[in-house]
Amino acid sequence: MTQPIQVPGSERRRGTPAATYRLQVHAGFPLQDAADVAGYLADLGVTHAYSSPLLRSAEGSTHGYDTVDHAHVDEARGGQAGFDRFVAALHEHGLGLVLDLVPNHMGVDDPSAAPWWWDVLQHGRGSAHAAAFDIDWEFGGGKVRIPVLGSGDDVAKLEVVDGELRYYDNRFPIAPGTEQGTPQDVHARQHYELVDWRRADSDLNYRRFFAINTLAGLRVEDPAIFDATHELVLRFVHDGAVDGLRIDHPDGLADPKGYLDRLAEASENRWTVVEKILEPGEDLPDSWATAGTTGYDALAEVDEVLVDPAGEAALTALDTELTGGPVDYAQLVRTCKREVTDGMLGSEVARLVRVIGELPGIDRAQQTEALAELLATFGVYRSYLPDGREHLDATVAAVRERRPDLVPALDALHPVLSQAGTEAATRFEQTSGPVMAKGVEDSAYYRWARFVALNEVGGDPARFGSTVAEFHEAQARRLARYPQGMTTLSTHDTKRSEDVRARLAVLAEIPTEWAQLVRGWLGRHPLADRSLAHLVWQNLVGAWPLSPERAHAYVEKAAREAGTSTTWTNPVQEFEEQLHALVDAAFDDPATTAEIDAFVTRIAPLGWSNSLSQKLLQLTMPGVPDVYQGTELWDFSLVDPDNRRPVDYALRRTLLASLDGGEVPAVDETGAAKLLVTSRTLRARRDHPEWFTGYEPVGVIGSAAEQVIAYDRGGVVVVATRLPARLAADGWGDTALQLPNGAWRDLFTGGRAVSDVAGVALDRLLTRLPVALLVRD
């Protein structure tokens with residue numbers, strides 16, 4: 001058995017991590033607590049902790065992506081003293097730190113907590129920080145529009161208190177010399193205008209993160225703004241406290257390439273990854289100064305190879321039955337994206353129209369419609385002109401064919417949007433990403449319930465599984481292009497945790513049985529929105545057993561995100577009561593509960609097999625593997641905030657100590673087998689990086705050859721089971737690995753195998769676990 005070791009030295013920390021462990025730091029798990037798990041992380045086998053954002057954020061923030069002050073570590077998370085203790089603990093155990101950085105926006109929910117925003121509201125264009133924010137002052141008549149009022153008439157409810165303008169608990173500054181008169185008079189003289197919150201969809205004049213009014217876009221393309229927002233983090237880098245960076249939402253930036261170039265120079269080329277979601281077949285621009293993405297593309301490759309393509313027909317038939325007709329997913333995506341352009345991001349589209357200005361012979365309505373169609377049809381999140389010009393050209397061609405009435409407007413817009421570096425082209429790029437994210441991830445993924453295991457960030461629900469050969473091709477490409485990019489299976493943003501998806505993948509192997517169950521539950525507990533009901537039943541089975549509270553919170557969010565029967569801004573009480581009654585039935589109706597229990601009991605071991613396989617694949621594929629907090633054991637979490645629950649590190653320490661004592665666990669509900677696979681693989685990557693420098697598929701022969709994925713990384717051979725339901729029925733039979741002759745040892749079990757002319761029989765190799773990690777013995 002490999003044993004935990006400690007690797008000291010700043011040289012190791014400042015290079016490319018061997019593996020990272022994501023920690024969500026917040027007031028309930030502050031930096032002091034993070035410091036306390038440093039020893040455990042070293043024993044687990046990672047080389048770097050990977051922290052959520054740590055700069056001062058909005059009060060009560062659980063995620064940290066709403067920075068209000070870039071000059072301080074967030075006090076609620078432990079402050080500078082907590083940060084120093086955290087770093088010292090990491091260094092004591094030979095670990096480095098990768099820090100999550102948010103350059104695109106900052107939190108402005110409470111202006112009094114955000115000094116820059118407060119100053120801009122107080123002094124307007126004359127503020128020393130006016131250039132930091134992406135504000136269209138002309139459109140606002142020289143004022144920033146802030147959508148906080150319950151209605152336009154609520155101006156009457158404003159008060160002046162202690163030299164500030166107050167609206168209930170909302171505090172706003174007052175410009176010098178404007179305090180006289182009624183609160184309404186005072187408001188009229190300010191550099192901001194408080195407006196009805198409903199006007200956010202159409203009348204805002206500052207760039208936001210997606211459609212979140214309380215996150216205002218920053219202009220880090222301005223070198224002075226870059227320097228001011230990065231000074232503290234770069235000091236941490238130069239002082240040796242921070243060894244790598246994760247860049248949040250680069251798609252929001254005006255010039256991602258320029259930003260990454262400036263960051264690389266300022267950070268002395270520290271290892272940096274970007275939270276960029278690539279569509280299937282898409283690559284990062286070659287010119288970007290980054291090691292790669294944060295791994296959603298890797299997640300999709302692993303998920304897809306564990307899904308049985310043979311289940312597509314039956315699950316599509318069930319979906320067609322429940323929705324009343326076949327779903328054209330591409331059209332669904334366009335519809336959802338148009339709802340976004342015409343709704344929550346209408347302000348951004350309107351600003352784009354203003355920037356472009358008048359086009360000869362094209363009225364504003366035609367221009368707006370053409371832009372909305374282009375945004376809704378854009379096949380990737382955004383282009384980075386001149387990189388990605390082909391996506392714009394293809395989109396224009398597609399809209400021309402579908403909407404001949406818009407050809408004049410499209411012909412006029414195409415050259416304007418093609419000019420790299422212009423404000424019009426840049427704003428189109430900055431807008432297409434949010435339209436994609438809100439239209440697909442936060443809408444279409446909740447509306448199409450054919451097989452929700454595939455409805456994941458970075459995935460393509462229309463692509464139903466992949467072959468082993470396709471997986472191998474993807475990994476060879478990954479090794480060639482992004483050998484130091486991050487890989488992942490779960491994040492704080494995934495729609496379902498890795499183990500939920502692994503269990504749900506089993507449904508593709510037994511689709512007929514699943515369809516019968518769903519029909520029974522729908523007959524017993526009807527819901528008018530049958531597609532949403534199917535989504536709910538899949539997620540309940542995927543996460544079962546879970547508390548009623550978690551289930552109710554999930555279905556409410558899912559239904560409102562889908563927006564088909566109820567919404568966030570206009571909840572439909574009658575429908576939501578029916579939806580919650582369906583969830584209650586899962587727990588309270590004896591027949592339904594018994595059926596769920598029995599079905600989950602049957603598929604859970606198959607899901608465990610998938611979980612171990614996907615974990616091993618992700619930890620050994622080319623790239624730098626990240627382990628999201630707690631997922632070294634089974635983790636059956638749904639979308640946030642469910643996936644940000646506390647982690648029991650005492651339990652994990654105890655189990656890891658037992659494994660290090662020589663125990664080889666059974667694959668059972670404890671999840672110890674997953675901890676074994678995770679720790680042994682991480683330690684191998686840390687202690688023997690030379691084993692993970694190549695990628696060659698390993699040949700498999702026999703009747704079940706398609707049910708195993710095997711490859712040689714250059715010194716260690718990875719063996720992972722796929723399609724476990726089929727395997728449970730048919731067994732391995734004569735299936736064997738075609739390994740070079742000689743003795744091999746499994747790092748998980750210590751078992752030995754000898755390869756000869758017949759290879760290594762899988763029915764002898766995989767007797768205790770569905771996976772193996774082999775080295776020469």
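Residues numbered from 1 in each chain as written. Predicted model: local features only at pLDDT ≥ 70, side-chain atom pairs only at ≥ 80, totals over all residues. Heavy atoms only, no water.

### Digging into the sheet that holds strand β21 (residues 708-712)
Read from one edge of the open sheet, 6 strands run β19-β21-β22-β27-β24-β25, paired in antiparallel fashion. Because the sheet does not close on itself, it has two edges, and the strands there are β19 (696-697) and β25 (752-755). With 5 bridges connecting them, β21 and strand β22 (residues 717-721) associate as antiparallel partners. By the bridge assignment for β22, Tyr711 is matched with Val718. Against the sheet, helix α18 (residues 468-481) contacts β19 and β21, and its axis sits at roughly 30° relative to β21. (Pairing = 2+ DSSP bridges. Helix = DSSP H or I, 4+ residues; strand = E, 2+ residues; numbered from the N terminus. Contact = heavy atoms within 4.5 Å. Axes fitted to C-alpha atoms, helices over the stretch in contact; angles between N-to-C directions.)

### Quick notes on the pairing of strand β24 (residues 742-746)
Note: β24 against β25, 4 bridges, orientation antiparallel. Bridge pairing in β25 links Arg745 to Arg752. Where β24 and strand β27 (residues 771-776) come together, 3 bridges link them in antiparallel fashion. When the bridges of β27 are listed, Trp744 appears paired with Arg776.

### A short note on the packing of helix α24 (residues 590-620) against helix α26 (residues 672-687)
Closest axis-to-axis distance for the α24/α26 pair is 10 Å, and the angle between their directions is 10°. Classed by the angle they form, the pair α24 and α26 counts as roughly parallel. Contact residues: Leu612, Lys615, Leu616, Leu619 and Thr620 in α24; Ala673, Lys674, Val677, Thr678, Thr681, Leu682 and Arg685 in α26. (Parallel < 35°, antiparallel > 145°, perpendicular 65-115°, else oblique.)

### Remarks on the sheet that holds strand β8 (residues 159-161)
Reading across from one edge, β8-β9-β10 is the order of the 3 strands in this open sheet, with antiparallel pairing throughout. Strand pairing shows two members of the sheet lacking a second neighbour, β8 and β10 (170-172), which therefore form its edges. Averaged over all pairs of adjacent strands, the angle between their axes in this sheet comes to 35°, without regard to strand direction. Note: β8 against strand β9 (residues 164-167), 3 bridges, orientation antiparallel. Paired with Glu159 across the bridge in β9 is Arg166.

### Comments concerning the environment of Gly82
Structurally, Gly82 is set in helix α4 (residues 79-92). Through-space distance from the C-alpha of Gly82 to that of Asp33 is 9.1 Å; in sequence the pair is 49 residues apart. For Gly82, the residues in contact, after removing those within four places along its chain, are Leu31 and Gln32.

### Brief notes about the packing of aromatic side chains
How two aromatic rings sit relative to each other is given by the distance of their centres and the angle of their planes. Summed over all chains, the structure comprises 21 aromatic pairs. Where Trp521 meets Trp537, the ring centres are 4.8 Å apart and the plane angle is 35°; that geometry is what we call tilted. One end of the pair, Trp521, is in helix α20 (residues 511-524); the other, Trp537, is in helix α21 (residues 530-543), with 16 residues separating them in the sequence. Trp521 gets classed as buried once you look at its relative accessible area, which sits at 0%. A relative accessible area of 0% places Trp537 in the buried class. Taken together, Tyr21, Phe29, Tyr40 and Tyr649 form an aromatic cluster joined through their ring pairs. (Phe/Tyr/Trp six-rings, centres within 6.5 Å; stacked < 30°, edge-to-face > 60°. Buried < 20%, exposed > 50% of the residue type's maximum accessible area, 1.4 Å probe, protein only.)

### Here's the deal with the confidence of the model for the protein chain
When pLDDT drops low, the exact placement of atoms in the prediction is not to be read closely. On average, residues of the protein chain score 96 in pLDDT, and 98% of them are at 70 or above. Confidence drops under a pLDDT of 50 for residues 1-8, and excluding neighbours within four residues, the segment shows 25 contacts in the predicted structure. (pLDDT = per-residue confidence, 0-100.)

### Observations concerning the pattern of salt bridges
In this structure the tally under the stated criterion is 68 salt bridges. Its salt-bridge partner being Arg524, residue Glu595 comes within 3.2 Å of it at the nearest N-O pair. Of the two residues, Glu595 sits in helix α24 while Arg524 sits in helix α20, which places them 71 residues apart along the sequence. Residue classification places Glu595 among the partly exposed residues on the basis of a relative accessible area of 27%. We note a salt bridge from Asp687 to Arg686, for which the minimum N-O separation is 2.7 Å. Sharing partners across several salt bridges, the network here consists of Arg338, Asp342, Glu369, Glu373, Arg402, Arg403 and Asp405. (Salt bridge = Lys/Arg side-chain N within 4 Å of Asp/Glu carboxyl O.)

### What to know about helix α5 (residues 115-123)
With 7 of its 9 residues buried, α5 lies for the most part within the structure. All of the buried residues in α5 are Trp116, Trp117, Trp118, Asp119, Val120, Leu121 and Gln122. Where α5 ends, the next residue or the one after it, Gly124, has phi of about 65°, a positive value.

### Some details on the pairing of β9
Judged by which residues are buried, β9 turns out to be covered on both faces: Glu164 and Arg166 on one side and Leu165 and Tyr167 on the other are all buried. The pairing of β9 with β10 spans 3 bridges and is classified as antiparallel. Considered in β10, the bridge of Leu165 is made with Phe172. Between β9 and β10, which pair antiparallel one after the other, the connecting turn spans 2 residues, and Tyr168 there sits at a positive phi close to 55°.

### Details of α18
Taking 1.5 Å of rise per residue, the 14 residues of α18 would be expected to cover 20 Å, and the 20 Å separating its terminal C-alpha atoms lies within 8% of that figure. Restricting attention to buried positions, one finds in α18 the residues Val468, Phe471, His472, Ala474, Gln475 and Arg478. Projected down its long axis, α18 shows its buried positions confined to an angular sector of 160°, all on one face. Turned more than 90 degrees away from the buried face of α18 sit Glu473 and Ala480, all of them exposed. Looking at the buried positions of α18, the neighbouring elements they touch are α10 (296-305), α24, β19 and β21. (Expected span 1.5 Å × (residues − 1). Arc of directions from axis to C-beta.)

### What to know about the environment of Asn570
For Asn570, the position within the fold is in the loop between α22 (548-562) and α23 (573-588). Taking the C-alpha atoms as reference, Asn570 lies 32 Å from Arg402; in sequence the two are 168 residues apart.

### Quick word on the packing of helix α14 (residues 364-377) against helix α16 (residues 407-417)
Where α14 contacts α16, the two axes come as close as 10 Å, and the packing angle between them is 65°. The element α14 and its partner α16 pack so that their crossing is right-handed. Facing α14, whose interface residues are Gln366, Gln367, Ala370, Leu371 and Leu374, α16 presents Ala409, Leu410, Leu413 and Leu417. In terms of residue class, the contact of α14 with α16 is made up of 7 nonpolar, 2 polar and no charged. (Left-handed = near helix turned anticlockwise from the far one by under 90°. Nonpolar A, V, L, I, M, F, W, Y, C, P; charged D, E, K, R; others polar.)

### Observations regarding the side chain of Asp119
Within the element layout of this structure, Asp119 appears in helix α5. Polar side-chain contacts of Asp119 include one of 2.5 Å to the side chain of Ser127. Those residues in contact with Asp119 that lie beyond four places of it in its chain are Gly124, Ser127, Ala128 and His129. (Polar contact = N/O pair within 3.5 Å; in protein donor to acceptor, adjacent residues only side chain to side chain.)

### What to know about unusual backbone geometry
Of note, the bond from Leu385 into Pro386 is cis; its omega dihedral lies within 30 degrees of zero at 5°. Along the polypeptide, Pro386 turns up in the loop between α14 and α15 (389-402). That bond from Asp640 to Pro641 is cis: its omega, 10°, falls within 30 degrees of zero. With respect to the helices, strands and loops of the structure, Pro641 is situated in the loop between β18 (624-628) and α25 (649-660). Phi is positive for Asp162, which is not a glycine, with a value near 50°. In this structure, Asp162 sits in the loop between β8 and β9. Positioned with a positive phi, Tyr168 is a non-glycine residue whose angle comes to about 55°. As for its placement among the helices and strands, Tyr168 is situated in the loop between β9 and β10. The exposed category is assigned to Tyr168, whose relative accessible area is 56%.

### A closer look at the nonpolar core
Core analysis: the biggest nonpolar cluster contains 176 residues, and Leu23, Phe83, Trp117, Phe133 and Trp514 have the highest contact counts within it. With 11 residues, the top contributor of residues to this core is α24. Residue contacts for Phe83: discarding those within four places in its chain leaves Leu31, Leu54, Val73, Leu97, Phe236, Ala241 and Val242. Among the nonpolar cores identified, the runner-up in size contains 26 residues, and Leu371, Leu375, Leu392 and Ala424 belong to it. (Core = buried A, V, L, I, M, F, W, Y, C linked by side-chain atoms within 4.5 Å.)

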